[in-house]
Amino acid sequence: MSNMKYPIGQFEAPTYITREQLNGWITDISNYPDQLMKVVGNIKEDDLNRTYREGAWTIKQLVHHIADAQLNYYMRIKLALTENNPTIKPFEENEWAQLPDKELPIEASLKMIAGMNERLAYLLQSITDDQFKTIFTHPIVGIQTIQETIAFCVWHTNHHLAHIKNALKDS
């Protein structure tokens, strides 16, 4: 069951982050929209309702969730860069996944992911090593740095890409 829920393993925050790791993650962020498009770009409408395990989100919900999450990561990073240790507002992902925009075609979220990732990668390529250590406070998790957020963001998108691939295995 854990394999299905966490197909790439659970997130493990790195204790030390190098500039090389950051550069790799920025490249991953840049390349992610193309990776996602390769998997869902020509997907049949019927397959959008597939799940990777019983009770899980559908592929369509996963794509919309990825867009929602990318938007939130981008906002957290921008807030951290422009305010002194801001407290961010977490989003209730299960409730967001049930809102009416879940019915939109996935193309709307694919465009959003491409735009968010392009902007996020550009921003991250432009900030200093000290800015990567800038903090914000998550009311549940506590203090987080931009670099930790990037690590989680990359894990999170790949985690859900693996869910989508698993849901499509038998199609």
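As shown above, the structure is provided for reference.
Residues numbered from 1 in each chain as written. Predicted model: local features only at pLDDT ≥ 70, side-chain atom pairs only at ≥ 80, totals over all residues. Heavy atoms only, no water.

1. As for the overall build of the protein
Within the protein, the secondary structure is distributed over seven helices and two strands. Starting at the N terminus and walking to the C terminus, you meet the elements of the protein as α-α-α-α-α-α-β-β-α. Relative to the globule expectation of 16 Å for 171 residues, the C-alpha radius of gyration of the protein, 16 Å, shows essentially globular dimensions. Seen through its principal axes, the protein has C-alpha atoms that stretch 45 × 30 × 30 Å. Counting contacts in the protein only where the partners sit at least 6 residues apart, residues at least 24 apart contribute 77% of the total. Summing over all exposed atoms, the protein offers an accessible surface of approximately 9,700 Å²; the carbon and sulfur share of this is 50%. Of the charged side chains in the protein, 16 are positive and 21 negative, and the gap between their average positions amounts to 2 Å. (Helix = DSSP H or I, 4+ residues; strand = E, 2+ residues; numbered from the N terminus. Rg over C-alpha atoms; globule rule 2.2 N^0.38 Å. Contact = heavy atoms within 4.5 Å. Areas by Shrake-Rupley, 256 points an atom, 1.4 Å probe, with all protein chains shown as cover. Lys, Arg positive; Asp, Glu negative; His and termini not counted. Charge placed at Lys NZ, Arg CZ, Asp CG, Glu CD.)

2. Structural notes on the packing of aromatic side chains
Per the stated rule, a full pass over the model turns up five aromatic pairs. Judged by centre distance (5.3 Å) and plane angle (40°), the ring pair of phenylalanine 152 and tryptophan 155 falls under tilted. Of this pair, phenylalanine 152 and tryptophan 155 both sit in helix H7 (residues 146–168), three residues apart, which is roughly one turn of the helix. (Phe/Tyr/Trp six-rings, centres within 6.5 Å; stacked < 30°, edge-to-face > 60°.)

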